[in-house]
Amino acid sequence: NIGGLPDDEISKIIGSSFRDLKAKSPDIVNIIPSHLVITKNIEVPSINPKEIKDIIGLQAGRHTPHSREDIIVDYINIGASKHNYTKILLVIVGRNVIKRQFDTLSKAGLTVQKVSFAPEGLAWAASRILKLETGVSPVSIIHIDGNFTDFTIVFKSKLIFVRSIPIGAQHLIAEKERYE
């Protein structure tokens, strides 16, 4: 548990762990948990991938209290809806969150090769493990960790909805009646 530790201490723990593992040149994937991200389901008036990217670039600032320069925006294309509209799961994260994670890993002697959104990976893995790829109905996945609970909806291996609430296993164990 590294919660509440200073970043330099976290870097030392991570670096020490990798030295103990004797990892020669590990591929580092930085996983962004959903509680650090803002997600919005929106529709954009295009089916052209370049236009969609441009529209999202212009609209992203409307979906967060942060300035456009302070956020990193990505999206998951959920699919076409109405005539010439595309459903999008907009994913917005603070630039400072990513910078902090990169800096912490860099101080540990590691270089990030890829960044991934945790619920998207969970949706992909659950679909493969549970063989949901060919399902005709969406599936809801509830993931409870120590501090947070994610409610996700997956359809044909694609994350189409996610919400995170700040109630996790520790809350349900310590004060069950209050949080139930």
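Residues numbered from 1 in each chain as written. Predicted model: local features only at pLDDT ≥ 70, side-chain atom pairs only at ≥ 80, totals over all residues. Heavy atoms only, no water.

**Here we look at the overall build of the protein**
Counted only if it meets this: Helix and strand assignments come from DSSP, with helices taken as H or I runs of at least 4 residues and strands as E runs of at least 2, each series counted from the N terminus. Think of it in three bands: residues with accessible area under 20% of the maximum for their type are buried, residues over 50% are exposed, and the middle band is partly exposed, with areas taken using a 1.4 Å probe on protein chains only. Two residues qualify as a contact provided that any one of their heavy atoms is within 4.5 Å of a heavy atom in the partner residue. Accessibility throughout is a Shrake-Rupley quantity obtained with a 1.4 Å probe, and a residue counts as covered only by protein chains that appear here.
Check the secondary structure of the protein and you find six helices and eight strands. The 180 residues of the protein split such that 30% are buried. The long-range fraction of contacts in the protein, counting pairs at least 24 apart against all pairs at least 6 apart in sequence, stands at 55%. As displayed, the protein offers around 11600 Å² of accessible surface, 56% of which is attributable to carbon and sulfur atoms.

**Comments concerning unusual backbone geometry**
Even without glycine at this site, Lys-22 takes up a positive phi of about 55°. The phi torsion at Asn-84 lies on the positive side, around 65°, for a residue other than glycine. Inspection of the secondary structure puts Asn-84 in the loop between strand E3 (71–80) and strand E4 (86–94). With relative accessibility at 38%, the residue Asn-84 sits in the partly exposed group.

**Examining helix H4 (residues 118–129)**
Here is the rule: The length a helix should cover is 1.5 Å for every residue beyond the first. The directions considered for the arc run from the helix axis to the C-beta atoms.
Given a rise of 1.5 Å per residue, 12 residues ought to cover 16 Å, and the 16 Å separating the end C-alpha atoms of H4 matches this to within 8%. Every buried residue of H4 is listed here: Pro-119, Ala-123, Ala-126 and Ser-127. Buried positions in H4, seen along its axis, are confined to an arc of 100° and lie on one side of it. Where the residues of H4 are buried, they touch strand E1 (28–32), strand E5 (112–117), strand E6 (139–144), strand E7 (149–155) and strand E8 (158–165).

**Thoughts on the side chain of Thr-86**
We apply this condition: In protein, a polar contact means a hydrogen-donor-capable atom and an acceptor-capable atom, both N or O and within 3.5 Å, with residues adjacent in sequence counting only if both atoms are side-chain atoms; elsewhere, any N or O pair within 3.5 Å suffices.
Among the structural elements, Thr-86 can be located in strand E4. Of note is the side chain of Thr-86, whose polar atom sits 2.4 Å from the backbone oxygen of Ser-46. Apart from residues lying up to four places away in sequence, Thr-86 is in contact with Ile-42, Glu-43, Val-44, Ser-46, Ile-47, Ile-52, Asn-77, Gly-79, Ala-80 and Ser-81.

**Some details on helix H2 (residues 49–59)**
Looking at H2, one finds that the buried residues are Ile-52, Ile-55 and Ile-56. With its buried residues spanning 100° around the axis, H2 presents them on a single face. Away from the buried face of H2 by more than 90 degrees, exposed residues Lys-50, Lys-53 and Leu-58 are located. The secondary structure elements touched by the buried residues of H2 are strand E2 (37–44), E3 and E4.

**Looking at the environment of Lys-50**
Its place among the elements puts Lys-50 in helix H2. By relative accessible area, which is 57% here, Lys-50 ends up exposed. As a C-alpha pair, Lys-50 and Gln-101 span 51 residues in sequence and 29 Å in three-dimensional space.

**Observations concerning a nonpolar patch on the surface**
Threshold: Note on patches: the residues involved have over 30% relative accessible area and no salt bridge, like charges join within 9 Å, and the nonpolar side chains Val, Leu, Ile, Met, Phe, Trp and Tyr join within 5 Å. Salt bridges are defined as contacts in which a side-chain nitrogen from Lys or Arg sits within 4 Å of a carboxyl oxygen from Asp or Glu.
Taken together, the side chains of Ile-142, Ile-144, Phe-151, Ile-165 and Leu-172 present a nonpolar region at the surface, about 390 Å² in accessible area. The residue Ile-142 is located in strand E6 in this model. On the accessibility criterion, Ile-142 (51% relative accessible area) is exposed.

**So, the sheet that holds E7**
Our working rule: Strand pairing is defined by DSSP finding a minimum of two bridges between the two strands. In this analysis, axes come from line fits to C-alpha atoms, helices being fitted only over the stretch in contact, and the angle between any two N-to-C directions falls in the range 0 to 180 degrees.
A sheet is described by the order of its strands in space; here three strands give the open sequence E6-E7-E8, paired in antiparallel fashion. Looking at which strands have only one partner, the edges of the open sheet turn out to be E6 and E8. Each strand axis lies, on average, 20° off the axis of its neighbour in the sheet, ignoring direction. For E7 and E8, the ladder comprises seven bridges, and the chain directions are antiparallel. Note that in E8 the partner of Phe-151 across the bridge is Arg-163.

**Comments concerning the nonpolar core**
Cut-off, in case you're wondering: The nonpolar core is taken to be a set of buried Ala, Val, Leu, Ile, Met, Phe, Trp, Tyr and Cys residues, with the residues joined through side-chain atoms within 4.5 Å.
Counting 15 residues, the largest nonpolar core has Ile-32, Val-37, Leu-89, Val-93, Phe-117, Leu-159 and Val-162 as the members making the most contacts within it. Those elements that provide at least two residues to this core are E4, helix H3 (95–107), H4 and E8. Broken down by element, this core gets its largest block of residues, three residues, from E4. Setting aside its immediate chain neighbours within four residues, Leu-89 contacts Thr-39, Lys-40, Asn-41, Asp-74, Tyr-75, Ile-76, Ile-78, Leu-159, Ile-160, Phe-161 and Val-162.

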